[in-house]
Amino acid sequence: MLKLPKQFIAEMTDLWSSYNPPGDLEDFLASFQDEPSAGLILNRLKVQTLSDLSCGDLPPVPWARAGYFLPQGHKLSSSLAYRQGLFYLQDPSAMLPADLADAQPGEKVLDLCAAPGGKAFAVLGSLGDQGLLWANEINEKRARALSRNVELAGSALCLISCRDALGFAQQLSGALPVFDLVLADVPCTGSAMFRKDPRALRSWSRYRGQAILDLQAAILEEAAANLRPGGRLVYSTCSYSWAENEGQLIRFLDRHPDFSLLPACRPEVSPGLADPDGRYPTTYSLRIWPHLARGEGQFAALLVKAEDPAEPLPEPSLPLKQKNLRPDRQVHASWEAFRQDNLSGQGRLAAALASQHFYLRTQEDKLHLVPAQAPLARQSYYMKTGLYLGQSKGEGEALSFQPSQALVQFLSLEDLSWALDLADGPLLRASLRGETLLRDQVLAAYSHQEVHLYHEGACLSDDAFSKIKAGAYLALTHQGRPLMWLKQQDHFFKNAYPRSWI
């Protein structure tokens, strides 16, 4: 049985007597003994419907357009669809901020506190192939988890930095804020996480007080400083506290008369609590209560910054300022050779390279595909700049290009010159453990129709393995969706699946 802190019960008792939240206090407190909720959000870059996951019927999350509830004890984190980046596992309540943000293709979005990556996953699905997401996380370990989740999403539109959210605007060159949408999912006391993670009980006692309110206010100020006139700001917490939620909004609006709350409504989601002084429409914000909806708690509010006719709009395209921005001939030569031998010249990557929305950038021996809208930065610590394509190896005749896992997650079957599609079975599971595939094993499975060979998106009906050059890269796919790279050798296929992903 979960034992709630006495101070928390007293705080919620005061909340009910002062602000009249919906439902009974007893029902709210009793809900902490229920099992936490689980869910998934579809990756709209790779799948459009739940049927693509082959996981049966799941009830939709009413406040998230691509979200679904999962049963307790699900094992989807070990599924092939998860490794292919077809969905992201997320608390259903945590889906609300990104859905409320409603990012549009072509927009520049900043997520100031982005880890572990659920908001980024949803925003990238909304942006499609145009726009920019800058995802920032102060903690390096959490930032690396964020980076992997973004790579699974299969987008080229994301920059990831690992730095303090405060002072972020000072890192951008030029005086004008450039973002159309800023998400501030701020650190909080985390009372809505009590039943999901018992450690939240200890952190609630440690973080409650004026210090967390000051930090939240400072991050809100940073969000405002990075938002262009007419832009939208989403403020969210996983706390039930009035001071951290509606109270924080009131104090922010007092400081910023150029901002206003936008009305929001979602099924099964309650309005925010009313401003007792009636000065601001805090009921435009949203709260998820665990005794009224299937989910943990969540608070989210959508604000808009007033247009300023006197202030010019920011430049639409600003390149990254970092060392080795100029193309490196050796890196590009190895990349072009790789493209000619291993990619088809059509599909998502070819479209991106041919568009004006991206450019190639080298950093030492590494090559990145960077969104053209990436803002100019002075010294932010970049962990990811767009799509990391891979790394140049060797010199002269030994020059070669080693493609990245991020690249294969981005590609479609049509992008690939060669693909080895495996049914779910021992051979595929061995590959996911990082094991080398012997050529005889693959041919034997091919004869039993457990393996299919694709060339430029077309399934070959005859044995065409002899046409694959030594040293060529094939994508190992399942049901036509890439999982990893394999490198053709004389008698085996070398496994390029990252050790850290096994």
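As the structure is a prediction and not an experimental result, all values here were calculated from the model.

Caption draft 1: Summary view of the overall build of the protein chain. A tally of regular secondary structure across the protein chain gives 14 helices and 24 strands. Here the C-alpha radius of gyration of the protein chain, 25 Å, is about what a compact globule of 502 residues would show, namely 23 Å. Along the first, second and third principal axes, the C-alpha atoms of the protein chain reach 75 × 55 × 35 Å. When the 502 residues of the protein chain are sorted by exposure, 58% land in the buried category. Contacts in the protein chain between residues at least 24 apart in sequence constitute 73% of all its contacts with a sequence separation of at least 6. A total of about 21500 Å² of accessible surface is found on the protein chain, and carbon and sulfur atoms cover 50% of it. Once the 49 positive and 55 negative side-chain charges of the protein chain are each reduced to a mean point, those two points are 5 Å apart.

Caption draft 2: Spatial organisation of the environment of Gln130. Along the chain, the position of Gln130 falls in the loop between helix H5 (118-127) and strand E5 (132-136). In this structure the C-alpha to C-alpha distance between Gln130 and Glu107, which are 23 residues apart in sequence, comes to 7.6 Å. Beyond its immediate sequence surroundings of up to four residues, Gln130 is in contact with Pro105, Gly106, Leu157 and His357.

Caption draft 3: A look at the sheet that holds strand E22 (residues 473-478). Read from one edge of the open sheet, 7 strands run E19-E24-E23-E22-E18-E20-E21, paired in mixed fashion. Two strands bound the open sheet, and with one partner strand each, they are strand E19 (437-438) and strand E21 (458-459).

Caption draft 4: Representation of the nonpolar core in the model. Counting residues in each nonpolar core, the largest one holds 83 residues, and the members touching the most others are Leu40, Trp63, Trp335, Leu349, Leu389, Leu407 and Trp485. Broken down by element, this core gets its largest block of residues, 6 residues, from H5. Of all hydrophobic cores here, the second largest spans 55 residues; its members include Phe168, Trp204, Cys238 and Ala301.

Caption draft 5: Looking closely at the sheet that holds strand E13 (residues 358-363). Read across the sheet, 4 strands follow the order E13-E14-E16-E17 without closing on themselves; strand pairing throughout is antiparallel. This sheet does not close on itself; its edge strands, each paired only once, are E13 and strand E17 (400-403). Each strand of the sheet is rotated relative to its neighbour by a mean of 30 degrees, with strand direction disregarded.

Caption draft 6: Broad picture of the packing of aromatic side chains. Applying the stated criterion across every chain yields a total of 28 aromatic pairs. Measuring from centroid to centroid gives 5.6 Å for Phe338 and Phe401, while their planes differ by 45 degrees, and the two rings are tilted. Of the two residues, Phe338 sits in helix H10 (residues 329-342) while Phe401 sits in strand E17, which places them 63 residues apart along the sequence. Linked through ring pairs, Phe8, Trp16, Phe28, Phe32, Phe194, Trp204, Tyr240 and Trp289 together constitute an aromatic cluster. Positioned above the aromatic ring of Tyr207 is the side chain of Arg206, whose terminal nitrogen or guanidinium carbon lies 4.9 Å from the ring centre.

Caption draft 7: Inspection of the pattern of salt bridges at higher detail. For the structure shown, the criterion picks out 19 salt bridges. Ionic pairing is found between Arg65 and Asp99, a salt bridge with its closest N-O pair at 3.0 Å. Here Arg65 is found in the loop between strand E1 (38-42) and strand E2 (67-70), whereas its partner Asp99 is found in helix H4 (residues 96-101), with 34 residues between them in sequence. Its relative accessible area of 52% is what places Arg65 among the exposed residues. Classification of Asp99 by relative accessible area gives buried; the value is 9%. A salt bridge links Lys366 to Asp365, with the shortest nitrogen-to-oxygen separation between them at 3.6 Å. Residue class for Lys366 comes out partly exposed when judged on its relative accessible area of 27%. By relative accessible area, which is 26% here, Asp365 ends up partly exposed.

Caption draft 8: Spatial organisation of unusual backbone geometry. Look at the link from Ala115 to Pro116: it is a cis peptide, with omega at 5 degrees. Tracing the chain through its elements places Pro116 in the loop between strand E4 (108-111) and H5. Phi is positive for Asp102, which is not a glycine, with a value near 50 degrees. Here Asp102 is to be found in the loop between H4 and E4. A relative accessible area of 33% places Asp102 in the partly exposed class. Not every positive phi belongs to a glycine, and Gln479 is a case in point at roughly 55 degrees. One can find Gln479 in the loop between E22 and strand E23 (481-488). What makes Gln479 exposed here is its relative accessible area of 52%.

Caption draft 9: Spatial organisation of the state of the cysteines. The full count for this structure, using the stated rule, is 0 disulfides. Considering cysteine sulfurs only, Cys113 is the nearest to Cys162, which forms no disulfide, with 12 Å between them. In this structure Cys188 is a free cysteine whose sulfur lies 3.4 Å from that of Cys238, the closest cysteine sulfur available.

Caption draft 10: Highlighting the environment of Arg433. Here Arg433 is to be found in the loop between helix H13 (426-432) and E19. By relative accessible area, which is 47% here, Arg433 ends up partly exposed. Sequence spacing of Arg433 and Ala10 is 423 residues, and the spatial spacing of their C-alpha atoms is 51 Å. Leave out the neighbours within four places in its chain, and Arg433 touches Arg499 and Ile502.

Caption draft 11: Up close: the packing of helix H8 (residues 210-225) against helix H9 (residues 246-255). At a closest axis distance of 11 Å, the pairing of H8 and H9 adopts a crossing angle of 45 degrees. By the angle between their axes, H8 is oblique relative to H9. The two elements H8 and H9 meet at a crossing, and its hand is right-handed. From H8, Leu213, Gln216, Ala217, Leu220, Glu221 and Ala224 reach across to H9, where they touch Gln248, Arg251, Phe252 and Arg255. Classifying every residue of the contact of H8 with H9 gives 5 nonpolar, 2 polar and 3 charged.

Cut-offs and rules
Residues numbered from 1 in each chain as written. Predicted model: local features only at pLDDT ≥ 70, side-chain atom pairs only at ≥ 80, totals over all residues. Heavy atoms only, no water. Helix = DSSP H or I, 4+ residues; strand = E, 2+ residues; numbered from the N terminus. Rg over C-alpha atoms; globule rule 2.2 N^0.38 Å. Buried < 20%, exposed > 50% of the residue type's maximum accessible area, 1.4 Å probe, protein only. Contact = heavy atoms within 4.5 Å. Areas by Shrake-Rupley, 256 points an atom, 1.4 Å probe, with all protein chains shown as cover. Lys, Arg positive; Asp, Glu negative; His and termini not counted. Charge placed at Lys NZ, Arg CZ, Asp CG, Glu CD. Pairing = 2+ DSSP bridges. Core = buried A, V, L, I, M, F, W, Y, C linked by side-chain atoms within 4.5 Å. Axes fitted to C-alpha atoms, helices over the stretch in contact; angles between N-to-C directions. Phe/Tyr/Trp six-rings, centres within 6.5 Å; stacked < 30°, edge-to-face > 60°. Lys NZ or Arg CZ within 6 Å of the ring centre and 35° of its normal. Salt bridge = Lys/Arg side-chain N within 4 Å of Asp/Glu carboxyl O. Disulfide = S-S within 2.5 Å. Parallel < 35°, antiparallel > 145°, perpendicular 65-115°, else oblique. Left-handed = near helix turned anticlockwise from the far one by under 90°. Nonpolar A, V, L, I, M, F, W, Y, C, P; charged D, E, K, R; others polar.

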